[in-house]
Amino acid sequence: MTYLRKVGAIVWKDVVAELRTKEMFSAMFVFAVLVIVIFTFAFQLRVSGERVREVTPGALWVAFVFAGILGLNRAFVLEKDRGCLEGLLLAPVDHTAIYFGKLASTMIFMLVVEAVTLPVFTAFLGVSLFDPALLLVIVLGTFGFAGVGTILSAMTAQTRAREVLLPILLLPVVAPVLIAAVRATAGILDGLPLSDLAVWLRLLVAFDVIYPAVAFMVFDYVVKE
Amino acid sequence: MTAGAPTVEAIKLTKAFGHHAALRGVDLVLEEGQFLALFGPNGAGKTTLMRIVATLTRPTGGSVRLWGQEVGRAATSLRSNIGLISHDPLLYGDLTAEENLRFFARMYALPANGTRSALDRARIDAVLDQVGLTARRRDPVRTFSRGMVQRLSIARAILHDPRLLLLDEPYTGLDLQAADMLRGFLQDLATTDRTVILTTHSLEQGLEVCDRAAILARGRIAWMGARDDVDLETMKEIYRDVTRAA
Amino acid sequence: MTQKRNTPLLVLTVLSGLLLLVALYLALLGAPSANLQSETGRYAQRIIYFHIATAWVGFLAFFVTFVGGVGYLRTQRRTWDIVALASAEIGTVFMLGVLVSGSIWAKPAWGVWWVWDERLTISLIQFLVYLGYLMLRSTVEDPARRARFAAVYGIVAFISVPINFIAIRLWRTQHPLMFGTEEGGLAPGMMFAFFFCLITFTIWYVALMWHRIRLEQLRDDVAALKERVLG
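Reading the values: rules and limits
Residues numbered from 1 in each chain as written. Chains lettered and ligands numbered in written order. Predicted model: local features only at pLDDT ≥ 70, side-chain atom pairs only at ≥ 80, totals over all residues. Heavy atoms only, no water. Helix = DSSP H or I, 4+ residues; strand = E, 2+ residues; numbered from the N terminus. Salt bridge = Lys/Arg side-chain N within 4 Å of Asp/Glu carboxyl O. Buried < 20%, exposed > 50% of the residue type's maximum accessible area, 1.4 Å probe, protein only. Pairing = 2+ DSSP bridges. Axes fitted to C-alpha atoms, helices over the stretch in contact; angles between N-to-C directions. Contact = heavy atoms within 4.5 Å. Core = buried A, V, L, I, M, F, W, Y, C linked by side-chain atoms within 4.5 Å. Phe/Tyr/Trp six-rings, centres within 6.5 Å; stacked < 30°, edge-to-face > 60°. Lys NZ or Arg CZ within 6 Å of the ring centre and 35° of its normal. Buried area = accessible area lost by both parts, 1.4 Å probe. Polar contact = N/O pair within 3.5 Å; in protein donor to acceptor, adjacent residues only side chain to side chain. Parallel < 35°, antiparallel > 145°, perpendicular 65-115°, else oblique. Left-handed = near helix turned anticlockwise from the far one by under 90°. Nonpolar A, V, L, I, M, F, W, Y, C, P; charged D, E, K, R; others polar. Right-handed = clockwise from strand over helix to strand, strands pointing away.

Caption draft 1: Highlighting the environment of R212 of chain C. Secondary-structure assignment places R212 of chain C in helix α7 (residues 188-230). The sequence separation of R212 of chain C and E141 of chain C amounts to 71 residues, and the corresponding C-alpha distance is 20 Å.

Okay, here's the thing in structure tokens:
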């Protein structure tokens, strides 16, 4: 299982490097909070009380998506900037290990940011967001997002447009995850039983399985010249 | 690995980037333990050739064999025997010297009989000592000077004790002190039985340590010979002739 | 080397032009009117022939881009990449056509310029994917890398099309549709016009592809010549 050890090494490296500077984490956190603040502010002008609950799922996921894009960008741009990507490519391991390693570390960062921002959102939106079903949806949605985002980020980091190109490529492709996650979140906040939301959860799981599988097959073409 | 097969064998190697041909048919054979100095003007294709040998880039045509094996399929396992030092240090600035090496130790899965971490640590200690960075092992790499970064990069490249070492213009950007250290390292290297390819602009520095020399111009090997057959002056002349004519 | 004069292509171009004229006649005049109350509604309904044929080409083109990408990754041959590029460009234009014709239909039929019904929504997303594809290509200099990246994005994005479709359909059925669909059953006269347009547009697509591929090959030839003479 040396493959897994090497994937683990990549995750360890990313986490340690991030703990040193906390740059990305703070950027993601601040950005997510800002999005919610602006949303709340914008909506409070027309929407109040019960209706805030209607916009919460959308606002929540927009915040997560934009913070996630920040995180994804950093995942590969840093490697590319310092030429470190080649260091990874020189290692005697299948290049897909890089994909899984980066996917895992992005997941960790996103989940941490989400965990820290949920209480903040609860306070701002006045809606209780602590629900195990909701946490499940967040995990599934984040994984789907990161699954596609990682391979696309590996690509865009090597182009001229870099950070700008990633959201343009990513958002249309990740739309079904967004739809499913928002609908499921809305259902949970409305108090619907999980059985009603099964169709959305199934869609999320399908996405979580299909995309990493496809990415695994084509990742080599993205990094090898 | 085929016994007795040359370490590096390039046959009619070509590499094109779009319509620009970087390598136009390179033939090269390097036996185990030889030290090749590769000279050539900018744009001759030296870095491209190095990258192909390092399995980072696929050739457009021709083939490359390392230890008798085609690079294509076997690339992943072949890499555990290759070390590369290039323009980029391939190091993580936010991590300490020690952490960088620990990362690469894991990526190269250093042989583990007994406790893996103990062996890793021993190897890391040895390598840090060899490049003289033991004192700075716990400092983040972004605080290092260029010379120290280069030294750590060397440490990284030899950490897994590769049989083939590739150095792509390692003198670039080094101050006198660091360049001296590098010279010492290369001189030591020449006495070991590692196979080495060194690309450099300086004929002098290359001839100092190699036992074979070659000149790459306009994507082709314009001249190749044994070190003992030429001296510095002859080399300069050949270089001038060959790069002018090309 | 690409030929200067290409008779089969000329024939195909003229043919598709003629077919388009016939299709236009059929759509606007030939096909029987729909059984609708308002006159504007009846006229607006005639857009369905071109609208759906355009959508068909728009999605077919993306499938071709996907195939071109896979072909390139497996063979590393430039031809596959040219096919993928040509199809993406043509597809973009057709997809834009779907959005515009959908909008033109929506206004007299439902009184608004845009509806978030499933088909238009997925067409919008598809259009954005096309744009992304073209943007990606424009930001990569090296042709081999450009072809590889485009191929990967073409594959990843193509996989998302059916998933998107399912997701949007699910989304739309959870809420009552604001506007009902117009299909129902089509009268025989309409069916003929409908299929005629589908076939015409497909032939038109092939002609456009041929022209575009040829253009790209000519470009390649020029670049190669330049390299040889000047490089």
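Caption draft 2: Here's a closer look at the pattern of salt bridges. Counting across every chain of the model gives 27 salt bridges over all chains. For K13 of chain A, the salt bridge identified is with D14 of chain A, shortest N-O distance 2.8 Å. The pair formed by K13 of chain A and D14 of chain A is uniform in burial state, with each residue classed as buried. With a shortest N-O distance of 3.9 Å, K236 of chain B and E233 of chain B are connected by a salt bridge. Here K236 of chain B and its partner E233 of chain B are both found in helix α8 (residues 232-245), three residues apart, which amounts to about one turn of the helix. Owing to a relative accessible area of 34%, K236 of chain B belongs among the partly exposed residues under this scheme.

Caption draft 3: Examining unusual backbone geometry more closely. All names here are of chain B. For E169, which is not glycine, the phi torsion reads 45° and is therefore positive. Looking at where E169 falls in the secondary structure, it is placed in the loop between β7 (164-168) and α6 (176-191). Unlike most non-glycine residues, R218 shows phi in positive territory, near 50°. Relative to the assigned elements, R218 resides in the loop between β9 (212-217) and β10 (220-226). Taking relative accessible area as the criterion, R218 reaches 46% and is therefore assigned partly exposed.

Caption draft 4: A look at the sheet that holds β10 of chain B. Residues and elements named next belong to chain B. If you walk across this open sheet you meet the six strands as β6-β7-β8-β3-β9-β10, and the pairing is mixed. Each edge of the sheet is formed by a strand with only one pairing partner; in this case those strands are β6 (82-85) and β10. The sheet shows a mean angle of 15° between the axes of neighbouring strands, direction not considered. Judged from the five bridges that link them, β7 and strand β8 (residues 195-199) form a sheet pairing that is parallel. Opposite L166, over in β8, you have I197 as the bridge partner. Seen against the sheet, helix α5 (residues 146-158) touches β6 and β7 and runs at an angle of roughly 170° to β6.

Caption draft 5: Expanded view of the nonpolar core. In this structure, L152 and L186 of chain B together with Y153 of chain C are the most contacted members of the largest nonpolar core, which totals 234 residues. Broken down by element, the residue count for this core peaks at 15 residues, all from helix α6 (residues 143-174) of chain C.

Caption draft 6: Quick look at the packing of aromatic side chains. Throughout the structure, instances matching the rule amount to 21 aromatic pairs over all chains. Aromatic pair F94 of chain C and W204 of chain C: ring centres 5.2 Å apart, planes at 65°, arrangement edge-to-face. Here F94 of chain C, found in helix α4 (residues 78-110), pairs with W204 of chain C, found in helix α7; they are 110 residues apart in sequence, far enough to count as distant. Classification of W204 of chain C as partly exposed rests on a relative accessible area of 27%. An aromatic cluster of three or more residues is present, and its members are F62, F63, F66, Y130 and F158 of chain C. The positively charged end of K13 of chain A is found above the aromatic ring belonging to F103 of chain B, 5.6 Å away from the centroid. Directly above the aromatic system of F76 of chain A lies the positively charged group of K102 of chain A, at a separation of 5.7 Å from the ring centroid.

Caption draft 7: Spatial organisation of the interface of chain B and chain C. On the side of chain C, six residues touch chain B, which itself brings five residues to the contact. When the two sides are added together, the surface that chain B and chain C hide from each other amounts to roughly 480 Å², 51% of it contributed by carbon and sulfur. Remark: the boundary between chain B and chain C carries zero salt bridges. Taken together, the links from chain B to chain C amount to zero residue pairs in polar contact (both at pLDDT 80 or more).

Caption draft 8: Broad picture of the packing of helix α6 (residues 132-156) of chain A against helix α8 (residues 198-223) of chain A. All names here are of chain A. Interhelical geometry of α6 versus α8 gives an angle of 20° and a closest axis separation of 9 Å. Judged by the angle between their axes, α6 and α8 are roughly parallel. Considering only the axes of α6 and α8, their crossing is left-handed. Along the contact surface, α6 presents V137, L140, G141, F143, G144, G147, V148, I151, A154 and M155, while α8 presents L201, L204, V205, F207, D208, Y211, P212, A215, V218, F219 and V222. Looking at the contact of α6 with α8 residue by residue, the class counts come to 17 nonpolar, three polar and one charged.

Caption draft 9: Structural context of the side chain of T117 of chain A. Relative to the helices and strands, T117 of chain A is located in helix α5 (residues 96-125). Beyond its immediate chain neighbours, meaning those up to four positions away, T117 of chain A contacts F29, A32, V33 and F64 of chain A.

Caption draft 10: Structural view of the pairing of β8 of chain B. Residue and element names in this part refer to chain B. Of all the five residues making up β8, five are buried; the element is thus mostly covered by neighbouring parts of the structure. Of the two faces of β8, the one holding T195, I197 and T199 and the one holding V196 and L198 are both buried throughout. Across four bridges, the pairing between strand β3 (residues 35-39) and β8 is parallel. Opposite A37, over in β8, you have L198 as the bridge partner. What joins β7 to β8 is α6, and the crossover it makes is right-handed.

Caption draft 11: Molecular detail of the interface of chain A and chain C. With 30 residues of chain A at the interface, the matching set in chain C holds 33 residues. Around 2800 Å² of area is buried between chain A and chain C when both sides are counted, 74% of it from carbon and sulfur atoms. Applying the counting criterion to the chain A and chain C interface returns one salt bridge. When the shortest N-O distance is used, the salt bridge between R160 of chain A and E141 of chain C registers 2.1 Å. In this assembly, chain A and chain C are joined by nine residue pairs in polar contact (both at pLDDT 80 or more). If you list the elements that add at least two residues to the side of chain A that touches chain C, you get α6, α7 (165-189) and α8 of chain A. Among the elements that line the side of chain A that touches chain C, the one with the most residues is α8 of chain A, at 10 residues. Residue composition of the side of chain A that touches chain C, by class: 23 nonpolar, two polar and five charged.

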